[in-house]
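Chain by chain, the residues:
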Amino acid sequence: MTSISPDTRPLRTADLGTLVIMSWSRETPDGDVPFLLACSLGDGEGGPEAVPDAVERLLRHSGIPVGDGVLDATRVTGLPVTLLVVPGAAALTMRGVNAQFVPTPEWRKAVDERGYACLIFATRPWPGGEPGDGEAVAAFANDEATLSGAAQVILPVRSLRS
């Protein structure tokens, strides 16, 4: 009997559904740290059940480990994931995804100071409806069920040069 490895199946972005990016910063003893949460709303063709597999395939296709701790992309060359920040907007780009978002002013200030953002890309879909307040986002992003199956990446920030 022949089986197909999950890594050889085609990437079906339709199973991802709506991808949302949320930005926030958190005060630490070393100053403000900028964070990004990327997750699906679970509204893709396969429904919420298809999201974890679809997101994991997307991440692995981009060379990002899932559930294996933090990848410091500031020390890795050739990773096909970029975070572009321009005045009033930002974009997370990887194979199959170009997600644009409007960051908070606090996040932008922290990114400008640090030169990177900490990305949490959840394989778990958002638990229902549109993401709302910061407390709900923080609770989801810090939940063990979210973190254990998420990719965590320290992404260097790129900007347009004038």
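Just so it is clear, the structure is predicted and the values come from calculations on it, not from any experiment.

## Some remarks on the pairing of strand β7 (residues 116–121)
Extensive coverage of β7 is indicated by the burial of five of its six residues. Both strand β2 (residues 31–40) and β7 contribute to a ladder of four bridges, which runs parallel. Following the sheet pairing, alanine 38 is matched in β7 by phenylalanine 121. Looking at chain direction, β7 and strand β8 (residues 151–158) are connected through six bridges and run antiparallel.

## Quick word on the nonpolar core
In terms of nonpolar packing, the biggest core is built from 31 residues, with Trp107 and Phe121 touching the most fellow members. Secondary structure elements with two or more residues in this core: β2, α1 (51–61), β4 (81–86), β5 (89–94), β6 (97–101), α2 (105–114), β7 and β8. With five residues, α1 is the largest single contributor of residues to this core. Excluding residues that lie within four positions of it along the chain, tryptophan 107 makes contacts with Ser23, Trp24, Ser25, Pro34, Phe35, Leu36, Leu83, Val85, Ala90, Phe101 and Ala117. In terms of nonpolar packing, the next biggest core, distinct from the first, is built from 16 residues, Met22, Trp24, Ala122 and Ala150 among them.

## Some details on the pattern of salt bridges
Counted according to the given criterion, the structure contains six salt bridges. In this structure, the salt-bridge partner of aspartate 72 is arginine 75, at a minimum N-O distance of 3.1 Å. The exposure class assigned to aspartate 72 is partly exposed, which follows from its relative accessible area of 22%. A salt bridge links aspartate 112 to arginine 108; its shortest N-O distance comes to 2.9 Å. One end of the pair, aspartate 112, and the other, arginine 108, are both in helix α2, four residues apart, so they sit about a helical turn from each other.

Criteria and thresholds
Per chain, residue numbering runs from 1 following the sequence as it is written. Restriction of local features to residues with pLDDT of at least 70 applies here, the model being predicted, together with a cutoff of 80 or more for giving and counting side-chain atom pairs; totals for whole chains, interfaces and linings are based on all residues. Values reported for side chains reflect all heavy atoms of the structure, with hydrogen atoms and water molecules removed beforehand. Burial status follows relative accessibility: with a 1.4 Å probe on protein chains alone, a residue under 20% of its type maximum counts as buried, one over 50% as exposed, and anything between as partly exposed. Labels follow the DSSP assignment, with helices taken as runs of H or I lasting at least four residues and strands as runs of E lasting at least two, numbered in each case from the N terminus. Note on pairing: two strands pair once DSSP finds at least 2 bridges between them. Among buried residues, those of type Ala, Val, Leu, Ile, Met, Phe, Trp, Tyr and Cys that are joined through side-chain atoms within 4.5 Å constitute a nonpolar core. Should any heavy atoms of two residues lie within 4.5 Å, those residues are counted as being in contact. The term salt bridge refers to a pairing of a side-chain nitrogen on Lys or Arg with a carboxyl oxygen on Asp or Glu at a separation within 4 Å.

These figures come from the coordinates and say nothing about function on their own.
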